[in-house]
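# Structure assessment
Listed here are the chains, written in short residue letters.
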Amino acid sequence: MPARPKSPAPKLPKDRTKHIGPRPAPAPLPDVRPLRLGLCCTFDEQHLNFRVATAAHLSKLSREGAKAKLGEILAHNARAMNQAIRFCDAVNIRAFRASSRLLPLRTHPEVGYDPAALPGGKRSVALFREAGRRAEDAGIRTLLHPEQITVLSAHDPAVAANAVEELIHQAEMAEWLRADTLIIHAGGGYGDKPAALARFAENVRNLPNAVRDRLAVENDDRVFTPAELLPVCEAERLPLIYDAHHHRVLPDGLSEEEATRAAIATWAECDKPAGFSREPVFHLSSPKDGWDEPKPHRHADFIAPADWPAAWDQVLGAGGELTVEVEAKAKERAVARLAADLADR
């Protein structure tokens, strides 16, 4: 069973003035290579956001009006993606997980669309591609994490088919952004976890190469542990995203050192083609109210230093490389604080 650090996650007062006045120039993070720390999707202090849309709102517009609104959103998100990469480069954040909703409602049965067919759509696609080139030139790894409704283990074939369609479109976005990893969960157990994992594996085998080449599966905090996913990863040559917080909430008999070592092996042995990174991707977060509270799965604003797994130090100390996505509510501030904590040890 993985160790559960006893120190509570730090609680800091909310800075009510953070969105008032000009932003100070951000200071670069300490260099913690061969570790690559990643920022996930959105920002806390920066005036940088990604827009979304709802089907309910778009359905009230004419078809042309809805297309115009979606075209505006895509143009905004494409510009924001470039700004996000520039920011990460300026402050030495070396990985960025792009929002899975950069193209909101793209696969929706009623308001879905072809991005290139929207007003200004071709220009927006070109800007997304520019962001991908910018990230690659800066050495920033890009990743995507489709939403948890993307369920390849679903009982209902229609739900699984919708998941495949969503992954195909996410893979196209990944190609634009030069993202080498699409992160998914295995889905629900449906009362029979071996059968659910068998459906998951079958659907993985049938995915198009553009999806399959980028796919990685993450252990979650409610259904599937590393020990349950590792046989599927090994059989399907699929890399495992090891989430230490999830493993502490939902243990399985493996120690953190054992799970870390096994996850790294899946990256070494996976089917990623040449040009795709085999650097393992791990996730880290701290519980919002501490480990002994009723809901330890909720994420805190920052990472508690005691929650950094000692097993990961062993990997880095032996010359290994890791990408660790920081899943904390304070976003870029949490990445900066973790980098400083690690550099000060």
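Anything mentioned here points back to the structure above.
Residue positions are given per chain, counting from 1 as you read along its sequence in written order. Note on the predicted model: pLDDT of at least 70 is required for a residue's local features to be given, and 80 or more for side-chain atom pairs to be given and counted; whole-chain, interface and lining totals, by contrast, use all residues. Working from all heavy atoms in the structure, the side-chain values ignore hydrogens and water.

## Points about helix α2 (residues 63–91)
In this model α2 runs 42 Å from its N-terminal to its C-terminal C-alpha over 29 residues, within 8% of the 42 Å that 1.5 Å per residue would give. We count a stretch as a helix when DSSP gives it H or I for four or more residues in a row; a strand needs E for two or more, and each element gets its number in order from the N terminus. Just downstream of α2, Asn-92 is the residue with a positive phi angle, here 70°. A helix is expected to reach a length of 1.5 Å times the quantity of its residues less one.

## Considerations on the packing of α2 against helix α3 (residues 121–138)
For every element, the axis is a line fit to its C-alpha atoms; helices are fit only across the contacting stretch, and the angle between N-to-C directions ranges from 0 to 180 degrees. Orientation of α2 relative to α3, taken along the N-to-C sense of each, is 10°, at an axis distance of 9 Å. As judged from the angle between their axes, α2 and α3 are roughly parallel. Of α3, the residues touching α2 (which contributes Gly-71, Leu-74, Ala-75, Asn-77, Ala-78, Arg-79, Met-81, Asn-82, Ile-85, Arg-86 and Asp-89) are Ser-124, Leu-127, Phe-128, Glu-130, Ala-131, Arg-134, Ala-135 and Ala-138. Asp, Glu, Lys and Arg are counted as charged, while Ala, Val, Leu, Ile, Met, Phe, Trp, Tyr, Cys and Pro are counted as nonpolar; the rest, among them Gly, fall into the polar class. When its residues are assigned to classes, the contact of α2 with α3 shows ten nonpolar, four polar and five charged. If an angle is under 35 degrees, it is roughly parallel; if it is over 145, roughly antiparallel; if it lies from 65 to 115, roughly perpendicular; otherwise it is oblique. In this description, contact between two residues means that some pair of their heavy atoms is separated by no more than 4.5 Å.

## Observations concerning the sheet that holds strand β4 (residues 181–185)
Spatially, β1-β2-β3-β4-β5-β6-β7-β8 is the arrangement adopted by the eight strands of the closed barrel, whose pairing is parallel. Across the sheet, the axes of successive neighbouring strands diverge by a mean angle of 30°, strand direction being ignored. Across two bridges, the pairing between strand β6 (residues 240–243) and strand β7 (residues 281–284) is parallel. Bridged to Asp-243 within β7 is His-283. Any two strands with at least two DSSP-identified bridges between them are counted as paired.

## Remarks on the packing of helix α9 (residues 256–269) against helix α10 (residues 310–317)
With their axes 8 Å apart at the nearest point, α9 and α10 run at an angle of 45° to one another. In terms of orientation, α9 lies oblique with respect to α10. Judged by the twist between their axes, the crossing of α9 over α10 is right-handed. Listed contacts from α10 to Glu-256, Glu-257, Thr-260 and Ile-264 of α9 are Ala-311, Trp-312, Gln-314 and Val-315. Crossing chirality is assigned from the near helix's rotation relative to the far helix, an anticlockwise turn below a right angle marking it left-handed and a clockwise turn marking it right-handed.

## Description of the side chain of Glu-327
In this fold, Glu-327 is placed in the loop between β8 (322–326) and α11 (332–343). Looking at Glu-327, its side chain comes within polar contact range of the side chain of His-283, at 3.4 Å. Apart from the residues lying within four places of it in its own chain, the contact partners of Glu-327 are Cys-40, Arg-97, Asp-243, His-283, Leu-284, Ser-285 and His-299. In protein, a polar contact means a hydrogen-donor-capable atom and an acceptor-capable atom, both N or O and within 3.5 Å, with residues adjacent in sequence counting only if both atoms are side-chain atoms; elsewhere, any N or O pair within 3.5 Å suffices.

## Overview of the packing of aromatic side chains
Between the rings of Phe, Tyr and Trp (Trp by its six-membered ring), a pair exists once the centres lie within 6.5 Å; its type follows the angle of the planes, with under 30 degrees stacked, over 60 edge-to-face, and the other angles tilted. As enumerated under the stated definition, the model contains seven aromatic pairs in all. Look at Phe-43 and Phe-87: their rings are 5.5 Å apart centre to centre, the planes differ by 85°, and that puts the pair in the edge-to-face class. Taken together, the residues Phe-43 in the loop between β1 (35–40) and α1 (55–59) and Phe-87 in helix α2 connect sequence positions 44 residues apart. Taken individually, Phe-43 and Phe-87 each receive the classification buried, so the pair is uniform in this respect. Taken together, a centroid distance of 6.0 Å and an interplanar angle of 20° make the contact between Phe-128 and Trp-176 stacked. Of this pair, Phe-128 sits in helix α3 while Trp-176 sits in helix α4 (residues 157–177), placing them 48 residues apart in sequence. Here Phe-128 and Trp-176 have matching classes, each one buried. The ring of Phe-302 has Arg-337 sitting right over it, with the charged end atom 3.8 Å from the ring centre. The buried label goes to any residue with under 20% of its type's maximum accessible area, the exposed label to any with over 50%, and the partly exposed label to all in between, with areas taken from a 1.4 Å probe on protein chains only. Our definition puts a charge over a ring when NZ of Lys or CZ of Arg is within 6 Å of the ring centre and also within 35 degrees of the ring normal.

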